[in-house]
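Inside the fold
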Amino acid sequence: MNLVNAIPATCLTIAMLSACGGGAQAPQTGEDSLSVRSLSAADYLEKIHGGWLGGAVGSALGMSVQRMHKRDLKPFLTDLGQWPLTDYIKTLRPELDPDREQWHTVDHWGPAGFGPDDDTLFQVANLLLIEEKGPEITSQDTADQWLATFSVFEAQNCGRAVRVAERLLKQGVRPPESGQHEAGEFMGGQMKGELWGFLLPGNPEAAAEYGRIDAEVAFHTAGVYGEMFMAALTAEAFFESDPTKLLEAGLAVVPADSDYARCIRDVMQWHEQWPDDWEKAHEQIDLKWEPEGAKNRRVFPNNAVIALALLYGEGDFDKTIGIAVMSAWDTDTNAGDVGPVMGVILGAGAIAEKWTEPIANILRSDVKGAEELEIDELARRTAAAGARMTAAKSAGLVQIDTQ
């Protein structure tokens, strides 16, 4: 099947990022006219394919060392001869049970492919929801889809926040009240925002609104801001590669006076102060933002790692996901967040074979009816859904050209 043929033969119009708290604005061709951002259907699909593939690679890379601190992770990787990290981790830490789950290390990969895991679980479910219902979805639709297609108590690796939310949903609590609980500022929203960027390229504000709709089912405050931030950043990555501008696009959709925004801006400042030393900037994150995670606000310091990896990765896929994992904390999710961004920027063809060969074009999930998917077919479906989403929800001057 030709990948481009999955997208309807229309010229799609996508909204530009409007000024919202200092967000990026469209370049001007004249005082009263906006220049057109153009994206061919083939490039759109290639970038979406890169996004899905980059997410699988990043999550696989970080899975076996998640929840470690850098003080423990660095000696472990150094002993393996893998600091800095430039390839899949060779082996499991001694304390891990090799029979408990698929860890995605070189000597313990299991069957070819990636997953299942919670970093892609919700994104697959949300894609199915959009395919079924179209753009006009509500938070309750998201909740209903969740309960109908999977349970986080049966799925792989799902965290406490979504477990609390599922119990509340089953008790009849509706969004956004279902997200108002003690674990509501965990990072489960942040890890699934990329899908909305895939579906609304070039329209960060609309992508962020879908991120809010989705996130408030299980999260509140910074937990919601995380999904909005990643949705907007990913949407902008279809047309922008500069990491500072991408972070600004994400910041434009969250409150400027929020801790979430302050954290990202701190990392940007530390990058300016130590532009060649990511570990020095990491020390500052550890001092200021890691304590927030201990207060049931686990979106911190992991959002800081996303900014750190993008800034110090300097547009290099390997370096970016490597820093995301070497920074420790929630390694599979953090690398699984920056991997899609870099995949969108660079396209699937730019991701090295050393990363893609073990993935083998296979993504597994715990979603009923989508237990095993071919990643290139998943990209085609996403592009088709994105064509419908942008036609319905974007009112600007970015063209996806199918000619």
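Whatever comes next refers back to the structure up there.
Report follows, based on the coordinates. (Residues numbered from 1 in each chain as written. Predicted model: local features only at pLDDT ≥ 70, side-chain atom pairs only at ≥ 80, totals over all residues. Heavy atoms only, no water.)

1. Some words on the overall build of the chain
So the rule is basically this: Secondary structure elements follow DSSP: runs of H or I of four or more residues count as helices, runs of E of two or more count as strands, with numbering from the N terminus. Burial status follows relative accessibility: with a 1.4 Å probe on protein chains alone, a residue under 20% of its type maximum counts as buried, one over 50% as exposed, and anything between as partly exposed. Contacts are assigned to residue pairs with any non-hydrogen atoms lying within 4.5 Å of each other. The Shrake-Rupley method, run with a 1.4 Å probe, gives the accessible areas here. Residue values count only the displayed protein chains as cover. Here Asp and Glu are counted as negative and Lys and Arg as positive; His is not counted, and neither are the chain ends. Where a charge lies is defined by one atom per residue type: Lys uses NZ, Arg uses CZ, Asp uses CG and Glu uses CD.
Looking only at helices and strands, the chain has 17 helices and 7 strands in total. Overall, the C-alpha framework of the chain stretches about 60 × 50 × 45 Å when taken along its three principal axes. Scored against the burial criterion, the 403 residues of the chain give a buried share of 63%. Residue pairs at least 24 apart in sequence account for 73% of intrachain contacts in the chain once pairs closer than 6 positions are excluded. Looking at the chain as shown, the accessible area adds up to about 15,000 Å², and 48% of this sits on carbon and sulfur atoms. Placing the 33 positive and 61 negative side-chain charges of the chain at their respective mean positions leaves the two points 4 Å apart.

2. A word on the environment of K245
Of note, K245 is situated in helix α9 (residues 243-251). Each C-alpha atom, one on K245 and one on L233, is 8.9 Å from the other, the two residues being 12 residues apart in sequence.

3. Considering helix α17 (residues 375-393)
Stated precisely, the cut-off is as follows: A helix is expected to reach a length of 1.5 Å times the quantity of its residues less one.
The terminal C-alpha atoms of α17, which comprises 19 residues, lie 26 Å apart, in line with the 27 Å expected from a rise of 1.5 Å per residue. Here α17 has its buried residues at I375, L378, A379, R380, T382, A383, A384, A385, G386, A387, M389 and T390.

4. Structural notes on unusual backbone geometry
At the junction of W83 and P84, the peptide bond is cis and its omega measures out at 5° in the coordinates. Its location among the elements puts P84 in the loop between α2 (70-79) and α3 (118-133). For the peptide bond that leads from G115 to P116, omega is 5°, which places it in the cis range. Considering the arrangement of structural elements, one finds P116 in the loop between α2 and α3. Not every positive phi belongs to a glycine, and N296 is a case in point at roughly 65°. Along the chain, the position of N296 falls in the loop between α12 (290-293) and α13 (302-313). Positive phi, close to 55°, is recorded for E314, a residue that is not glycine.

5. Description of the nonpolar core
Nonpolar side chains in soluble globular proteins generally cluster together in the buried interior. Put simply, the test is: Think of a nonpolar core as a cluster: buried Ala, Val, Leu, Ile, Met, Phe, Trp, Tyr and Cys residues, connected wherever their side-chain atoms sit within 4.5 Å.
Ranked by size, the top nonpolar core spans 128 residues in total, and within it W52, W146, F229, L247 and I359 carry the most contacts. Once you skip the residues sitting within four places of it in the chain, L247 turns out to touch F229, L233, I264, M268, A307, L310 and L311.

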